[in-house]
Amino acid sequence: MKRYRLLLLAAAAVAACAPLPTAEQARPAAPRFSAAYLDTSVSPRADFARYAFGAWQKANPIPADKARWGAFGELDQFNQLALKGILEAASAGSAEPGSGERKVGDFFKSAMDTAAIDAAGVKPIEPGLARIAAIASTEDLARALARLHDSGVGGMFSIAVDADEKKSEVNALYAYQGGMSLPSRGHYFDAQFEKIRAAFVEHVAKMLALAGDTPEAAAAGAKTVFEVEKSLAAGAKTPVELRDSLANYNKMPTAELEAKLPMFKPYLAGRGVGPAEVIVGQPKFFESLQAQLAARPLADWKVYLRYRLLRAAAPYLASPFEAESFRFYATVMRGTPAMEPRWQRASRTIDGAMGEALGKLYVERYYPPEAEARMDEMIRNITAVMRDRLRNVDWMAEATRKKALAKFDRFTAKIGHPAKWRDYSSVAIRPDAYFADVRAAGEFEVKRRLAKLGKPVDKAEWRMSPPTVNAYFDPTQNDINFPAGILQPPFFDYSLDDAVNYGAIGAVIGHEITHGFDDQGRHYDADGNLADWWTAEDAARFEARAKKLVEQFGGYEALPGLKVNGELTLGENIADLGGVSIAFEALERSLAGKERKTIDGFTPEQRFFLSFAQVWRTNIRDDALRQQLAVDPHSPGQFRAFGALVNLQPFYDAFGIREGDPMWRKPGDRAKIW
Ligand SMILES: [Zn+2]
């Protein structure tokens, strides 16, 4: 599966449950850049992050229903309140039956009907639990797993249809490691997660008991589930190992994978697909899975799948299931004390399930038509700088430079929302059956994706819904994508000066562009195919430069005794550095010949860097931070706010940073790639 380069990793999609919908909240103003966020008691030369947003941090403790809070969270909440209005109107109105508006309105109605959801108890998944209980052979297991995967329940491994990374115009089948409930391999083995493991076993026991197991059976079952998952984790790669695109691309005849894992054959038959070849992400994982299948009794896999079904369904079931799921995945794992209000859990579910139906209504109401033209202009200015950098960078051989420019000339941007909206007319949504609605939308999506196997890649398709506050680079399509949800303050703000905009959305654009040339993206050629098109000397020079960032970020202590993983975060740190550096030059070009105004007492250059830092303003719970450090390829916001900047001379010039200042880095230690 392709690794999409995001701007940040969204919080795990753990839906939450809350007592009752809160009173109508007025939609606040969009969060803007503000000089009032500065903590001027701190010198920018000593601690630029605190200087840029220390006052904001003090005035904005993390809301009880969030794991972290910052510019992204504020804008997300702003968008959520817009969705709330849309969903309430859609559920109260009388849109035409079968229309997208009617479907999301009915979906919202069913999601808000907690009396019906609670009354149904575990019933919605009883047929699924019964199918698992009836498994009597490995072949049954394979078919039951296929059925679970068809309905969006994960387990044992995962398959996906996506652009073939070495033949990017056609969709291929990928088989990947998977089936673990905890977020990384390290969660099953590292000492720092011992408490999480104990809490996980306790949580699984509670879920099994809620589904009707006796306390003894539930306790024993929970231990088995953990042992099964731990054995999967033992054969799995770490997040750092998964970053190596070439090592995680192993195309083989399907028969070869079936020889490693015989259950794959009946499994694929159950899924209704039979490609001649499959791209195996981690062949050793599948060998290790087979060894486990041979060693463990069928009963172990049955209780494991029982939990996996409960886990996937819990957020949409009666409140005891939802509450237990929240307690473990949000409170224990991320430190979040309270659930978001019911309407918000509903809104997130519908956005995830039918994002383009809800997103279409959002775009009609909230996406200003001028945004696209303004983004186009900004992207043009920033790509012009990047093109010049590629032309002039002194460490690339001419042959490689030529190929890099050819790749750069082919890249495209998608802005706002899909040109053509997804057709959900075949998805049956009822106003009184929440779980069935979630299932229907989920099955539609799984089927839609599987049906792409062997077909040409649809380059117009989006991987994020329009209200999403994020952006991404797609390596096989060689395109950058900016959903409508992020094209607002504080990222994009018509009411403020260019400096603030270049420091925010400009750096975001630059970030996504440079992903095409980060430690992963550089392996894809002009056609979006994974290939080694660099000379060995160029690769060595690139890696020597990147190593400075590995060392820099690897030196940041995020929690006592726990440092940022410089290798895991390398691609994002390269993108942050390249992005802010080219956005800065684009700003300077746009200011050439114009009157340079000081605003709030700051020069354009100072406002650029302050705006960049404020995008990363963050308060985060320790547990959420611990999880982020283990799995997230993005450095924590507190380091993103200045980590790229301390490599840039213009930043030193703007704030008078000198040798001896805490923000100062020796010129020889500063990284410069693009
Ligand atoms: Zn990124």
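Preceding this paragraph is the structure being described.
Please read all numbers here as calculations on a predicted model, not as lab measurements. (Residues numbered from 1 in each chain as written. Predicted model: local features only at pLDDT ≥ 70, side-chain atom pairs only at ≥ 80, totals over all residues. Heavy atoms only, no water.)

K.L.:
Provide a residue-level description of the nonpolar core, including the pertinent values.
P.N.:
In this structure, Phe-48, Met-156, Phe-157, Ile-509, Phe-609, Phe-651 and Trp-674 are the most contacted members of the largest nonpolar core, which totals 205 residues. No other element matches helix α22 (residues 570-591), which puts ten residues into this core. Not counting residues within four places of it along the chain, the set of residues in contact with Ile-509 comprises Met-375, Met-378, Ile-379, Ile-382, Ile-480 and Phe-482. Formed by six residues, the second largest nonpolar core is a distinct cluster that contains Ala-172, Tyr-249, Tyr-524 and Leu-530. (Core = buried A, V, L, I, M, F, W, Y, C linked by side-chain atoms within 4.5 Å. Buried < 20%, exposed > 50% of the residue type's maximum accessible area, 1.4 Å probe, protein only. Helix = DSSP H or I, 4+ residues; strand = E, 2+ residues; numbered from the N terminus. Contact = heavy atoms within 4.5 Å.)

K.L.:
How would you sum up the environment of Leu-309? Please name residues and give values.
P.N.:
With respect to the helices and strands, the residue Leu-309 is situated in helix α13 (residues 298-313). Spatially, the C-alpha atom of Leu-309 lies 56 Å from that of Thr-603, the residues being 294 residues apart in sequence. Leaving out residues up to four positions away in the same chain, Leu-309 has contacts with Ile-125, Gly-128, Leu-129, Ile-132, Leu-148, Val-153 and Arg-439.

K.L.:
Explain the packing of helix α6 (residues 138-150) against helix α11 (residues 264-271) to me, using residue names and the numbers behind them.
P.N.:
Where α6 meets α11, the closest approach of the two axes is 8 Å, and the angle between their N-to-C directions is 40°. Classified by the angle their axes make, α6 and α11 are oblique. Both α6 and α11 take part in a crossing whose hand is right-handed. In this structure, α6 contributes Glu-139, Ala-142, Arg-143, Leu-145, Ala-146, His-149 and Asp-150 to the contact, and α11 contributes Pro-266, Tyr-267, Gly-270 and Arg-271. (Axes fitted to C-alpha atoms, helices over the stretch in contact; angles between N-to-C directions. Parallel < 35°, antiparallel > 145°, perpendicular 65-115°, else oblique. Left-handed = near helix turned anticlockwise from the far one by under 90°.)

K.L.:
Give me unusual backbone geometry: which residues, what numbers.
P.N.:
Across the junction of Pro-489 and Pro-490, the peptide omega takes the value 5°, indicating a cis bond. Phi is positive for Met-156, close to 70°, though the residue is something other than glycine. Of note, Met-156 is situated in the loop between α6 and β3 (157-164). The buried category is assigned to Met-156, whose relative accessible area is 0%. With a phi angle near 55°, Asn-478 is a residue other than glycine that sits in the positive phi range. Residue placement: Asn-478 occurs in the loop between β8 (472-474) and β9 (479-483). Overall, Asn-478 belongs to the buried group, its relative accessible area being 4%.

K.L.:
An account of the sheet that holds strand β4 (residues 167-177) is needed here, citing residue identities and associated values.
P.N.:
Taken in spatial order, the four strands of this open sheet run β3-β4-β6-β5, and their pairing is mixed. Either end of the sheet is taken by a strand with one partner, and the two such strands are β3 and β5 (250-253). Averaged over all pairs of adjacent strands, the angle between their axes in this sheet comes to 35°, without regard to strand direction. As defined by bridge partners, β4 adjoins strand β6 (residues 277-280) across two bridges and the pair is classed as parallel. Directly across from Ala-175, in β6, lies its bridge partner Val-280. Contacting β3 and β4, α11 crosses the sheet at an angle of about 65° to β3. (Pairing = 2+ DSSP bridges.)

K.L.:
Lay out helix α8 (residues 194-210) in plain terms, naming residues and giving numbers.
P.N.:
End to end, α8 covers 25 Å across 17 residues, agreeing with the expected 24 Å (1.5 Å per residue, within 8%). Burial in α8 covers these residues: Ile-196, Arg-197, Ala-199, Phe-200, His-203, Val-204, Ala-205, Met-207 and Leu-208. For α8, the elements touching its buried residues are α7 (186-189), α9 (215-234), α13 and α14 (319-334). Gly-212 occupies a position one or two residues after α8 and carries a positive phi of about 115°. (Expected span 1.5 Å × (residues − 1).)

K.L.:
Hey, could you go over the environment of Arg-439 for me, with residue numbers and the actual values?
P.N.:
Along the chain, Arg-439 turns up in helix α19 (residues 434-450). On the accessibility criterion, Arg-439 (21% relative accessible area) is partly exposed. For the pair Arg-439 and Ala-353, spaced 86 residues apart in the sequence, the C-alpha separation amounts to 9.1 Å. Non-local contacts of Arg-439, meaning those with residues more than four positions away in its chain, are made with Ser-151, Val-153 and Leu-309.

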